[in-house]
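Residues per chain are reported as follows:
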Amino acid sequence: MENTKKYMNSYLAGVLLGVVILFSFYLTREGLGASGAYKRIAAEIENVVAPSYTHSENSHSSSYFKDGLNPLKNRLVFMVIGVFIGGFVSGTIAGRVKLTLEHSPRITSKKRAIAALIGGALFGIGASFGRGCTSGAGLDGMATLATSGFVVVMAIFGSGYIFAYFFRKLWI
Amino acid sequence: MGPIFNASDEWSYVVALVIGIFFGLILESAGFSSSRKLAGVFYGYDFVVLRVFFMAALTAAVGLAFFDYFDLIDLSKIYVNPYFIGPTIVGGVIMGLGFIIGGFCPGTSACAAAIGKIDAMIFIGGIVIGAIIFDVAYPLYSEFYESGNKGAQLIYEVMGISKEWFLLIFVVFAIAVFYITAYIQKLVSKNVNKY
Amino acid sequence: MEDKRYIKKRYIFINVIMIGLTLWLLLLPKRDSSTELQADKLLLEIIDDSRFLSTDYVANRIINDDKYILLVDVRSPEEFNTFHLKGAMNIPIDSLLNKDETGEYVWDSYLNTDIYKVIFYSNGSVYSGQAWMLTKRLNFKNNYILKGGLNEWFSTIMLPQKPAANSSESDFAIYEARKGAAIYFGGGTVSVENKSSNSNSNVPVVSKKKKSGAGGGC
């Protein structure tokens, strides 16, 4: 970590991110988002594995295919591609690009990998229920002053603090 | 007057890509590509998530109010996430649990994966699996998923105050949180080994 | 955080600016929402008489099975069920501006189109006039009022009065048309049309692109 650049000040980053959200709304009438892209990738996978279920009434993903739409032809998918590019560029400039599996010194890499997988799966389920993730439901919701945004942020951080105690070994 | 592009407009894809690039740039340079930094918010050793998050929401909310006032944007055309009481809370609680176990959220995992974090790549795989699990079991809770619909409800309307007053309360509250968390961080940092 | 302060000094100004901006917002004078039609334009529209369509015109359109008119009955469902014009749909005036969960007007896809002539009617012209005003304020296009409402409909179309012998030729022409219409609508003796089951089904819905994406925008 010594030879890498310092992170940007968090207030400055927050304001810049807010400006990006603002322009996202101004230009495309929607804010940021990420989980939607993953949900669409999931829908596409389902479509390959079990097309009959995916197109049936029972499936929630069926709405992504309505009227012959391609679930991957969506602004959120492009946005996540953009996040990859932006993250890579910033990481390259700051000299942080390195293939690593970051974990607390107290746990093994394997344990961290399993935790990441479970955490990801929970996030996938949660973001489906909550109709968006921390950025799509939380950030955009708070920016538009939607009740859902504030509720979801309180729920995420609230449950995070409640469960933090049980999983402290993963981090500290 | 904004919004400029329609959602079905091909140009909105290009715009989304460019916005995504800036999104990724800011997330990465703010340090959101490190799961240990992100998880710090729950253990009090690093509140960067909270600061960036609330600062961004505040800036965007205040910015939108100004855009609206000067007729730059038609707020009625903007997408407001609907509020479904039960599903929103349940979703948030599950996401919180996922956050504390996985250490990322969908947006940050993308930019962390971009700089080579293997755990972030696994996390993304997890999200896709989670979304598939949700969909396969969807008939079990499809009714719940649609329940408690309050529509695109706005918080200041629920509280019965004007938008401007709400924004002021929001800003003051956020700044208070910034100072309190900065103080906590200072206390905790003494006891926790900095990584 | 090597700095002694909790928050680095040079970034405190961001907080100050935020408070300043919100205070400024609070002190700005209030304005009307810009999505609605401005009062002066609305006034011009009200003076303009073209929003009224005569019963003769409407009867003619119905008989010719015009697919591009949409009759909207703004009375209560009970009244609607007792009698309504052929092909009309019922939107009681108090539910006219209902919004769905995404904040869209529920009836937007019926009432706000370039394709249909939306014709409001009620018993007189009062409620239909209100309905027209409500939608006009929101800048909905192509909306009209059935002049005189159902009362006029009965007195002109269903029970046409024979013009006096010294009336002009055009009056007789109108009378002939009305007589024909009366037969078409089963008039003369007022019969109650009660085919409410399929009366709505033949109204094609213009499905506009829904603004919200499929479940979960994130």
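As the structure is a prediction and not an experimental result, all values here were calculated from the model.

**Observations regarding the overall build of chain A**
Alright, step 1. Across its full length, chain A carries seven helices and zero strands.
Alright, step 2. In chain A, the succession of helices and strands from N to C terminus is α-α-α-α-α-α-α.
Alright, step 3. Per-residue burial over chain A gives 60% buried out of 172 residues.
Alright, step 4. For chain A, the share of sequence-separated contacts (at least 6 apart) that also reach a separation of at least 24 residues comes to 55%.
Alright, step 5. Carbon and sulfur atoms provide 68% of the accessible area of chain A, an area that totals close to 7100 Å².

**Considering the pairing of strand E5 (residues 143-146) of chain C**
Residue and element names in this part refer to chain C.
Alright, step 1. Of the two faces of E5, the one holding Asn143 and Ile145 and the one holding Tyr144 and Leu146 are both buried throughout.
Alright, step 2. Relative to E5, strand E4 (residues 117-121) runs parallel, the two being bridged by three bridges. The residue bridging Ile119 from the neighbouring strand is Tyr144, located in E5.
Alright, step 3. Each parallel crossover has a hand, and the one from E4 via helix H6 (residues 126-137) to E5 is right-handed.

**Quick look at unusual backbone geometry**
Trans peptide bonds make up the majority, and among non-glycine residues the majority have a negative phi.
Residues and elements named next belong to chain A.
Alright, step 1. The backbone phi angle of Arg131 is positive, close to 55°, even though this residue is not glycine.
Alright, step 2. Summarising the element assignment, Arg131 is placed in the loop between helix H5 (109-129) and helix H6 (134-143).
Alright, step 3. Arg131 gets classed as buried once you look at its relative accessible area, which sits at 4%.
Alright, step 4. Phi at Leu145 takes a positive value of approximately 60°, unusual for a residue other than glycine.
Alright, step 5. As for its position among the elements, Leu145 is in the loop between H6 and helix H7 (147-164).
Alright, step 6. The exposure class assigned to Leu145 is buried, which follows from its relative accessible area of 3%.

**Concerning the environment of Gly86 of chain A**
Alright, step 1. Its location among the elements puts Gly86 of chain A in helix H4 (residues 75-94).
Alright, step 2. For Gly86 of chain A, a relative accessible area of 0% translates into the label buried.
Alright, step 3. Setting aside chain neighbours within four positions, we find Gly86 of chain A in contact with Ile21, Gly24 and Leu25 of chain B.

**A look at the environment of Arg51 of chain B**
Alright, step 1. With respect to the helices, strands and loops of the structure, Arg51 of chain B is situated in helix H3 (residues 48-69).
Alright, step 2. Spatially, the C-alpha atoms of Arg51 of chain B and Thr181 of chain B are 9.0 Å apart, while their sequence positions differ by 130 residues.

**Some remarks on the interface of chain B and chain A**
Alright, step 1. Tallying the contact residues gives 122 residues for chain B and 114 residues for chain A.
Alright, step 2. For the pairing of chain B and chain A, the buried interface totals around 10800 Å² over both sides, and the portion due to carbon and sulfur atoms is 75%.
Alright, step 3. Where chain B touches chain A, the interface holds five salt bridges.
Alright, step 4. Across the salt bridge formed by Arg96 of chain A and Glu28 of chain B, the nearest N and O atoms sit 2.7 Å from each other.
Alright, step 5. On the surface where chain B and chain A come into contact, there are 48 residue pairs in polar contact (both at pLDDT 80 or more).
Alright, step 6. For the side of chain B that touches chain A, the element with the most residues is helix H6 (residues 118-136) of chain B, which contributes 18 residues.
Alright, step 7. Of the residues belonging to the side of chain B that touches chain A, the class tally is 86 nonpolar, 25 polar and 11 charged.

**Digging into the pattern of salt bridges**
Residues and elements named next belong to chain A.
Alright, step 1. Overall, the coordinates contain 12 salt bridges over all chains when judged by the stated rule.
Alright, step 2. Measuring nitrogen to oxygen at the nearest pair gives 3.7 Å for the salt bridge that ties Glu30 to Arg29. Summarising the burial analysis for this pair, Glu30 and Arg29 share the class buried.
Alright, step 3. For Glu30, the salt bridge is made with Arg75, and the minimal N-O distance between the two is 3.1 Å. Taken together, the residues Glu30 in the loop between helix H1 (10-28) and helix H2 (35-49) and Arg75 in helix H4 connect sequence positions 45 residues apart.

**Points about the packing of aromatic side chains**
Alright, step 1. If you walk through the whole model with that rule in mind, you get 31 aromatic pairs over all chains.
Alright, step 2. Each ring, one from Phe157 of chain A and one from Phe42 of chain B, has its centre 6.0 Å from the other, and the planes form 40°; the classification is tilted. Remark: Phe42 of chain B occurs in helix H2 (residues 35-43) and Phe157 of chain A occurs in helix H7; the pair is interchain, linking two chains.
Alright, step 3. When its relative accessible area of 8% is taken as the criterion, Phe157 of chain A is described as buried.
Alright, step 4. By relative accessible area, which is 6% here, Phe42 of chain B ends up buried.
Alright, step 5. Ring centres of Tyr69 of chain B and Phe70 of chain B lie 5.2 Å apart, and the angle between their planes is 85°; on these two criteria the pair is classed as edge-to-face.
Alright, step 6. Residue Tyr69 of chain B is classed as buried on the basis of its relative accessible area of 18%.

**Description of a positive patch on the surface**
Alright, step 1. Where like charges cluster on the molecular surface, the positive patch consists of Arg106, Lys111, Arg168 and Lys169 of chain A.
Alright, step 2. In this fold, Arg168 of chain A is placed in the segment after H7.

**Brief notes about helix H7 (residues 138-145) of chain B**
Residue and element names in this part refer to chain B.
Alright, step 1. Listed as buried for H7 are Tyr138, Tyr141 and Tyr145. Axial view of H7: buried residues confined to an arc of 95°, hence all on one face. Residues Leu140 and Glu143 are exposed on H7 and point more than 90 degrees away from its buried face.

Cut-offs used in this document
For every chain, the first residue of the written sequence is number 1, and numbering continues from 1 onward in sequence order. Here the convention is simple: chains get letters from A, ligands get numbers from 1, in the order in which they are written. Reporting in this predicted model follows two pLDDT cut-offs: at least 70 for local features of residues, and 80 or more for side-chain atom pairs to be given and counted; totals over whole chains, interfaces and linings ignore these cut-offs and use all residues. Calculation of side-chain values draws on the structure's entire complement of heavy atoms; hydrogens and water are dropped beforehand. By the criteria applied, helices consist of DSSP H or I runs no shorter than four residues and strands consist of E runs no shorter than two, each listed in order from the N terminus. Throughout, exposure labels follow a simple rule: accessible area from a 1.4 Å probe, protein chains only, divided by the maximum for the residue type, with under 20% read as buried, over 50% as exposed, and the rest as partly exposed. Residues count as neighbours in contact if any of their non-hydrogen atoms are within 4.5 Å of one another. Where accessible areas are quoted, they stem from the Shrake-Rupley method and a 1.4 Å probe; at the residue level, only the protein chains shown are allowed to cover. Following DSSP output, two strands are said to pair if at least two bridges run between them. Seen with its strands pointing away from the viewer, a crossover is right-handed if its path from the first strand over the helix to the second goes clockwise. Buried area is understood as the total, over both parts, of accessible area removed when two parts are fitted together, assessed with a 1.4 Å probe. The term salt bridge refers to a side-chain nitrogen of Lys or Arg lying within 4 Å of a carboxyl oxygen of Asp or Glu. Whenever a nitrogen or oxygen atom comes within 3.5 Å of another N or O atom, the pair is scored as a polar contact, on the condition that within protein one atom can donate a hydrogen and the other can accept it, and that pairs from neighbouring residues in sequence are kept only if both atoms are in side chains. Only Asp, Glu, Lys and Arg are considered charged, only Ala, Val, Leu, Ile, Met, Phe, Trp, Tyr, Cys and Pro nonpolar, and every remaining residue, Gly among them, polar. Pairing of aromatic side chains here covers Phe, Tyr and the six-membered ring of Trp, requires ring centres within 6.5 Å, and sorts the geometry by plane angle: under 30 degrees stacked, over 60 edge-to-face, intermediate tilted. Patch members must show over 30% relative accessible area and no salt bridge, and they are joined within 9 Å when carrying like charges or within 5 Å when they are nonpolar side chains of Val, Leu, Ile, Met, Phe, Trp or Tyr. His is not counted, nor are the chain ends; Lys and Arg add positive charge and Asp and Glu add negative charge. For this purpose, a charge sits on NZ of Lys, CZ of Arg, CG of Asp or CD of Glu. By arc we mean the arc of the directions from the helix axis to the C-beta atoms, nothing more.

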